[in-house]
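# Topology and contacts: notes
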Amino acid sequence: MILVFCETRDGRIRKPSLEALSEARRLADESGKVLGALLVGASCAGAEEAAQYGADAILKIEAPSLAAYSSDGYAQAVADAVQAKGATVLLAAATSLGRDVAPRVAARLGAGYASDVTALAMADGRLQVSRPVYAGKAVATTSFETAIQVATTRPNVFVATPCAKAGAVEALPAPAGGFLAVVKEILAKGTGHVDIAEADVIVAGGRGMKDGANFKVLEELAEALGGVVGASRAAVDAGWGLPHSMQIGQTGKVVSPTLYIACGISGAIQHVAGMSGSKVIVAINKDPEAPIFKLATYGIVGDLFEVVPELTKAAKAMGLGK
Ligand SMILES: Cc1cc2nc3c(=O)[nH]c(=O)nc-3n(C[C@H](O)[C@H](O)[C@H](O)COP(=O)(O)OP(=O)(O)OC[C@H]3O[C@@H](n4cnc5c(N)ncnc54)[C@H](O)[C@@H]3O)c2cc1C
């Protein structure tokens, strides 16, 4: 069996998990394996959605003790499910939660682990993955020597494709409580907030923004495009009040949106490591020699404080954010 750990939020399976599920469906078809979707929580409402994205079986582990995320509780639950079903491949989305739980599961099972993969294949029933290494300068193709193979998939790289399957639901026993770590409280930034790692459109600002207050112009463009705002490390470190969760790059988040607009960002290798997987890159910089232009699909040499409001006006006129 190929098992996909699916994260839920507000009774729905999260998009990066649906992407992993769709990719796993392709692998299951390629290798003749059964595809299982695993949900863990107090009550796994919305689990049936997994069948719409190709799950032959839906496995639920429900217990009040699993209502809030617990690193060791969830890791135990997922590891138990892998063993109970004899799964040889476990996938999870490389979200904050997926990156936390998947290596713990791998450690518990003595399984090989590959993080943040951008391509998957099955060869003779075994998993092969590709993942960017050396700050995105090279791509490593990795196979596993262990019987159980665990990998996390980078959000926004694979496409969530509806594919209706039976999705027979089965409840599995939950691990006993008494977990060592439990999330007590989640302070959400606001309703409708999308994590930049999962966003489809990102408008990012760098040191060229000159001040945190100037990010307002980026927010307006992001809103007009239905996107979110990110930042370079220089902007985050400048003391402008931008949180580290906005930082894109080697020591920030790795993003792969459909559209990335870099405003006043020079394109240092450590920044590029976090956004080179973007499908379309637009760079706005007043220095025609800025390295970001080497990477950009479209480059605009100009003052961002003139260019960005013009783009916002055009995006609004075209109704792009709707
Ligand atoms: C170990 C390590 C890890 C790092 N991790 C990260 C990371 O995760 N993410 C990251 O981003 N960086 C990271 N860095 C820092 C990185 O090396 C760069 O210093 C940083 O990315 C530079 O940010 P920037 O492009 O915003 O600033 P700068 O390099 O200063 O570029 C600012 C740009 O704005 C342009 N500009 C100025 N005014 C305007 C204007 N009005 N209109 C248009 N353009 C304008 C300038 O021409 C310039 O190109 C890391 C560094 C190290 C050593």
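What counts and how
Residues numbered from 1 in each chain as written. Predicted model: local features only at pLDDT ≥ 70, side-chain atom pairs only at ≥ 80, totals over all residues. Heavy atoms only, no water. Near = heavy atom within 4 Å. Polar contact = N/O pair within 3.5 Å; in protein donor to acceptor, adjacent residues only side chain to side chain. Areas by Shrake-Rupley, 256 points an atom, 1.4 Å probe, with all protein chains shown as cover. Helix = DSSP H or I, 4+ residues; strand = E, 2+ residues; numbered from the N terminus. Nonpolar A, V, L, I, M, F, W, Y, C, P; charged D, E, K, R; others polar. Salt bridge = Lys/Arg side-chain N within 4 Å of Asp/Glu carboxyl O. Domains from an automatic or database assignment. Contact = heavy atoms within 4.5 Å. Buried area = accessible area lost by both parts, 1.4 Å probe. Expected span 1.5 Å × (residues − 1). Buried < 20%, exposed > 50% of the residue type's maximum accessible area, 1.4 Å probe, protein only. Arc of directions from axis to C-beta.

Around the ligand, the surrounding shell holds 26 residues, and the nearest of these are Arg 207, Ser 232, Thr 251, Ser 266 and Asn 285. One of the side-chain nitrogen or oxygen atoms of Gln 247 is found 3.0 Å away from an oxygen atom of the ligand. Relative to its unbound accessible area of 980 Å², the ligand is 76% covered by the protein chains. Of all the secondary structure elements, the ones that give two or more residues to the shell around the ligand are α6 (233–237), α7 (269–275) and α9 (304–318). When its residues are assigned to classes, the shell around the ligand shows 6 nonpolar, 14 polar and 6 charged.

A word on the pattern of salt bridges. As enumerated under the stated definition, the model contains 16 salt bridges in all. In this structure, Arg 25 and Asp 29 form a salt bridge, with 2.8 Å as the shortest nitrogen-oxygen distance. Remark: Asp 29 and Arg 25 occur in helix α1 (residues 15–31); sequence separation between them is 4 residues, near one turn of the helix. Across the pair Arg 233 and Asp 237 runs a salt bridge, and its minimum N-O distance is 3.1 Å.

It is worth spelling out the domain arrangement of the protein chain at this point. As assigned here, the protein chain comprises domain 1 (2–171) and domain 2 (196–318). Between domain 1 and domain 2, the C-alpha centre-to-centre distance is 31 Å. Facing the 11 residues of domain 1 at the interface are 11 residues of domain 2. Summed over both sides, the interface between domain 1 and domain 2 buries roughly 900 Å², with carbon and sulfur atoms accounting for 47% of that surface. For the pair domain 1 and domain 2, the number of links is 1 salt bridge. Here Arg 14 and Glu 198 are joined by a salt bridge, their closest N and O atoms 2.6 Å apart.

In a regular helix each residue adds 1.5 Å, so 15 residues correspond to 21 Å; α9 covers 20 Å between its end C-alpha atoms and thus fits that length. Buried within α9 we find Leu 304, Val 307, Val 308, Thr 312 and Ala 315. Taken around the axis of α9, the buried residues stretch over an arc of 135°, which confines them to a single face. What points out from α9, more than 90 degrees from its buried face, is the exposed set Glu 306, Lys 313, Lys 316 and Ala 317. Those residues of α9 that are buried are in contact with α5 (215–225), β15 (259–263), β16 (280–285) and β17 (298–301). Phi turns positive one or two residues past the end of α9, at Gly 319, with a value near 65°.

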